[in-house]
Amino acid sequence: MSRSVPLELIAAIHSHDKFLCVSHVNADGDAYGSVLGMIHLLRNIGLQATPVMPEPVSPDFAFLPGAEEVLLPEAVDVAEYDFIICLDMSSPDRMGALHQAAEQAQTPLLVIDHHVTNTHFGVVNWVEPDAAATCQMLTRLADELFAPIDLNAAMCLLTGIVTDTLCFRTSNTTPEVMEAATRLQRKGASLPWIVQKTLNRLPFRILRLWGNVLPGVQLRERVVWAAVTQEQLRAADCEDDDPRLNSVLAAVEEADMSAIFTEKRDETGRPIVECSFRAKPGFNVGDVAFRLGGGGHAPASGCTLPGSLAEVVDRVVALLIQERRRQAIVFEGEVST
Ligand SMILES: [Mn+2]
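Residues numbered from 1 in each chain as written. Predicted model: local features only at pLDDT ≥ 70, side-chain atom pairs only at ≥ 80, totals over all residues. Heavy atoms only, no water.

## Description of the pairing of strand S4 (residues 109–113)
Burial analysis of S4 places five of its five residues in the buried class, the great majority of the element. What you see with S4 is no split at all: Leu109, Val111 and Asp113 on one side and Leu110 and Ile112 on the other are buried throughout. Sheet topology places strand S3 (residues 83–87) next to S4; four bridges connect them, and they run parallel. In the sheet register, Cys86 faces S4, and the bridge partner there is Val111. Note on the crossover from S3 through helix H3 (residues 98–105) to S4: the handedness is right-handed. For S4 and strand S5 (residues 124–127), the ladder comprises four bridges, and the chain directions are parallel. Directly across from Ile112, in S5, lies its bridge partner Trp126. (Buried < 20%, exposed > 50% of the residue type's maximum accessible area, 1.4 Å probe, protein only. Helix = DSSP H or I, 4+ residues; strand = E, 2+ residues; numbered from the N terminus. Pairing = 2+ DSSP bridges. Right-handed = clockwise from strand over helix to strand, strands pointing away.)

Have a look at this one:
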């Protein structure tokens, strides 16, 4: 059930002028959509708002109105702002270099997020784990702020809802999500255009990468997984794998949980592995990621672990299998009682 927007949040925004809006590294549609949607809403009530992201804007999201204005942390003097609004991010380290800058300048943080793993790191924290997207929360915030939703805001906010719900297909797609999306459509945001710009795009090199990765896919005890090596990425001319590969695995009928493991190196050159998990309704991969030092939600989560690809895959797959067994017993129990 949706809770109300904290009055402290409304008061903080209404009684100040200059806001910096930020989201997390490896930004997705909800991260970009909420940062840019928020700046449009704040400007619509006459406030100054600047978007900043820890990394350069991904070309995939350059179509969003306001994307061309996004600054990198080094281009921002944090001390000039009354508040930093942290959107769709569960912990402050997720905002990269801006984290240290904010601490030094002692600029207070306002947190708006839907991750259940949120660490409540702001002076005001509005965290709604039931919301399907941070952008969904912002459609309600707009009303509370008396901020008109113009076409620019509507496009950004609908993009976050569409991408986080995989176009209204996740288990948290409630009637409230549909209502928020309908409102944004009525403000002029085009659903088919956003879907075309986000979920329905597949660069050919990604397809080639999948062609090399999928022969190694494995299924054991209703857990399905695949590993992506640096060599495969290079051969397909890809910098990174694509989150949609996990959507393909997540649809496997014979599995309740899925995982993609991607071989990477950290700044010092040591081997690390990025793990991304998905669970079918009734199962939870959020806890697994959290225990491994990552974060996310019951249906989708992730973490980054040190070690070689083979080591990490062995260790994490064993954990997922064990966890799936345990949850299946609980789930069956719930169903039968
Ligand atoms: Mn989100």
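## Re the packing of aromatic side chains
Inspection of every chain in the model, using the stated rule, returns four aromatic pairs. Here the aromatic rings of Phe19 and Phe83 are separated by 6.2 Å at their centres, their planes lie at 10 degrees, and the arrangement is stacked. Here the residue Phe19 occupies a position in strand S1 (residues 18–22), and Phe83 occupies one in strand S3, the gap between them amounting to 64 residues. Residue classification places Phe83 among the buried residues on the basis of a relative accessible area of 8%. Ring-pair connections join several aromatic residues into one group, and the members of that group are Tyr32, Phe61, Phe63 and Trp193. Against the face of Tyr81 rests Lys18, its NZ or CZ located 5.0 Å from the ring centre. (Phe/Tyr/Trp six-rings, centres within 6.5 Å; stacked < 30°, edge-to-face > 60°. Lys NZ or Arg CZ within 6 Å of the ring centre and 35° of its normal.)

## Overview of the pairing of S3
Successive residues of a regular strand alternate their side chains across the two faces of the sheet. Counting buried positions over the five residues of S3 gives five, a clear majority of the element. Where burial is concerned, the two faces of S3 agree: the one with Phe83, Ile85 and Leu87 and the one with Ile84 and Cys86 are both buried.

## A look at the sheet that holds S5
Strand pairs in the sheet, formed through backbone hydrogen bonds, run parallel or antiparallel to each other. Reading across the sheet, the five strands line up as S2-S1-S3-S4-S5 and stay open at both edges, with parallel pairing between neighbours. Edge positions in the open sheet fall to strand S2 (48–52) and S5, since each of these has one partner strand only. Sheet twist, expressed as the mean angle between neighbouring strand axes with direction ignored, is 20 degrees. Most of the contacts of helix H2 (residues 29–44) go to S2, to which it runs at about 170 degrees, and overall it touches S1, S2, S3 and S4. (Axes fitted to C-alpha atoms, helices over the stretch in contact; angles between N-to-C directions. Contact = heavy atoms within 4.5 Å.)

## Quick look at helix H8 (residues 204–213)
Residues of H8 that are buried: Ile206, Leu209, Trp210 and Val213. End-on view of H8: buried residues confined to an arc of 100 degrees, all on one side of the axis. (Arc of directions from axis to C-beta.)

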